[in-house]
Amino acid sequence: MKTKTNAKSAVSLPLNTILDGDCIERMNALPAESIDLIFADPPYNLQLKGDLHRPDNSKVDAVDDHWDQFDSFKVYDKFTREWLAAARRLLKPNGAIWVIGSYHNVFRMGAELQNQGFWILNDVVWRKSNPMPNFRGKRFTNAHETMIWAGKTETSKYTFNYEALKALNEGIQMRSDWVIPICNGGERLKDDNGDKAHPTQKPEALLHRVMVGSTNVGDVVLDPFFGTGTTGAVAKMLGREFIGIEREEAYRKVAEKRIANVRKFDKEALEVSVSKRSEPRVPFGQLVERGMLRPGEELYSLNGRHKAKVRADGTLIGDDIKGSIHQVGAHLEGAPSCNGWTYWSIKRDGKQVPIELFRQQIRAEMRN
């Protein structure tokens, strides 16, 4: 991995690279419609007034860096409008974007997303299981941040790995409130002085869920506010390509070192659960063509009540009905529909073998 320092327009994508400089200029120099997903953690514009202290009068290490300072809401809104326009130009027609923010800026970003034609899919609440306390005691403890997930347009066929997210959540549909701790312990990066390398470093668990849920292996993920490289580190682990943009040299150096030490998971480990609808389609006739089933052989319903004979064209004939494995099964059961793959079996060596096993064999061959 390397840091690019020349600002000339990119002809091809600088994959797995951290670009320096202004994010808007850098994005405008990249090829249009070339990015699958953008994850953006822009300045929050916290508008802090003076130092923040704990009850014991010790100073809180709050976000008071120069990159989070804007003269007015008007200036911040102009900045938001320009970087979102650059981001939208980069997204592929079926691309999507995630933005994350606090109450200081997320509503302004949400309005601008809609102004520019993005289609909001979800707002996701990241509920911090270990938030920083409210030391002044004048407001609620700020225990969450909000993420907005949006497609490039209303008709974008965005990636959503529903089954993978469900598997992450022990078989239960993933909700839009995510309980994940803030970055701490060994994951919290430190500078040479032992201080936090970045005040708002995001936990890898957050990016893991975003990428598993809304990208595929090999997709290109852009982070225009790269910081210390959480997006890049998780992308590398999960077999995604990344492009980072970061104007602060200190953050780039930390990110480079961090990502260089990341190891990509092996190919088998990167596979995720998919819905049956997204599996390759296998016509029943293929089983006949390939000799897995022979014309004239009889299929038996798994409940033992019915049988039908296989024909050379991949249809069945049973009693007074001819048709597909689904049509014949539904007719024999007197049901409005039937999944023939899970209904029929064949006898081999005295045992009933579901025909679904043959379909899975073909699908495995198609994936390899």
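Our subject is the structure that appears above.
This structure is a prediction, so every number in the text was calculated from the model and none was measured.

Rules used throughout
- Residues numbered from 1 in each chain as written.
- Predicted model: local features only at pLDDT ≥ 70, side-chain atom pairs only at ≥ 80, totals over all residues.
- Heavy atoms only, no water.
- Phe/Tyr/Trp six-rings, centres within 6.5 Å; stacked < 30°, edge-to-face > 60°.
- Helix = DSSP H or I, 4+ residues; strand = E, 2+ residues; numbered from the N terminus.
- Buried < 20%, exposed > 50% of the residue type's maximum accessible area, 1.4 Å probe, protein only.
- Lys NZ or Arg CZ within 6 Å of the ring centre and 35° of its normal.
- Expected span 1.5 Å × (residues − 1).
- Arc of directions from axis to C-beta.
- Core = buried A, V, L, I, M, F, W, Y, C linked by side-chain atoms within 4.5 Å.
- Contact = heavy atoms within 4.5 Å.

A. Spatial organisation of the packing of aromatic side chains. All chains considered together, the criterion is met by eleven aromatic pairs. Aromatic pair Trp-98 and Trp-149: ring centres 5.5 Å apart, planes at 15°, arrangement stacked. Here the residue Trp-98 occupies a position in strand β4 (residues 91-101), and Trp-149 occupies one in strand β6 (residues 144-151), the gap between them amounting to 51 residues. The pair formed by Trp-98 and Trp-149 is uniform in burial state, with each residue classed as buried. Their ring planes at 45° and their centres at 5.9 Å tell us that Trp-98 and Trp-178 sit as a pair that is tilted. Pair noted here: Trp-98 is in strand β4 and Trp-178 is in strand β7 (residues 177-179), with a separation of 80 residues, a long-range link. Every member of this aromatic cluster is reached through a ring pair, and the members are Trp-98, Trp-149, Tyr-158, Phe-160, Tyr-162 and Trp-178. The ring of Trp-126 is capped by Lys-128, whose NZ or CZ atom sits 5.1 Å from the centre of that ring. When the ring centre of Tyr-300 is taken as origin, the NZ or CZ atom of Lys-347, which lies over that ring, is 4.4 Å away.

B. Local environment of helix α7 (residues 249-260). Relative to the 16 Å expected for twelve residues at 1.5 Å per residue, α7 spans 17 Å between its end C-alpha atoms, a close match to the ideal helical length. When we look at burial in α7, the residues that qualify are Tyr-251, Arg-252, Ala-255, Arg-258 and Ile-259. Along the axis of α7, the buried residues cluster in a sector spanning 130°; they form a single face. Among the exposed residues of α7, those pointing more than 90 degrees away from its buried face are Ala-250, Lys-253, Lys-257 and Ala-260.

C. Focus on the nonpolar core. If you look at the biggest cluster of nonpolar residues, it comprises 33 residues, and the most contacted ones within it are Trp-98, Met-147, Trp-178 and Leu-206. Listed by contribution, the elements that provide at least two residues to this core are β3 (35-40), β4, β5 (119-127), β6, α4 (162-168), α5 (204-214), α6 (230-237) and α7. A total of five residues in this core trace back to one element, the largest contributor, which is α5. If we skip the residues at most four places from it in the chain, Trp-178 touches Trp-98, Val-124, Val-125, Trp-126, Arg-127, Met-147, Leu-206, Arg-209 and Val-210. The next biggest cluster of nonpolar side chains, apart from the first, holds 29 residues, and it includes Leu-30, Ile-38, Met-109 and Leu-113.

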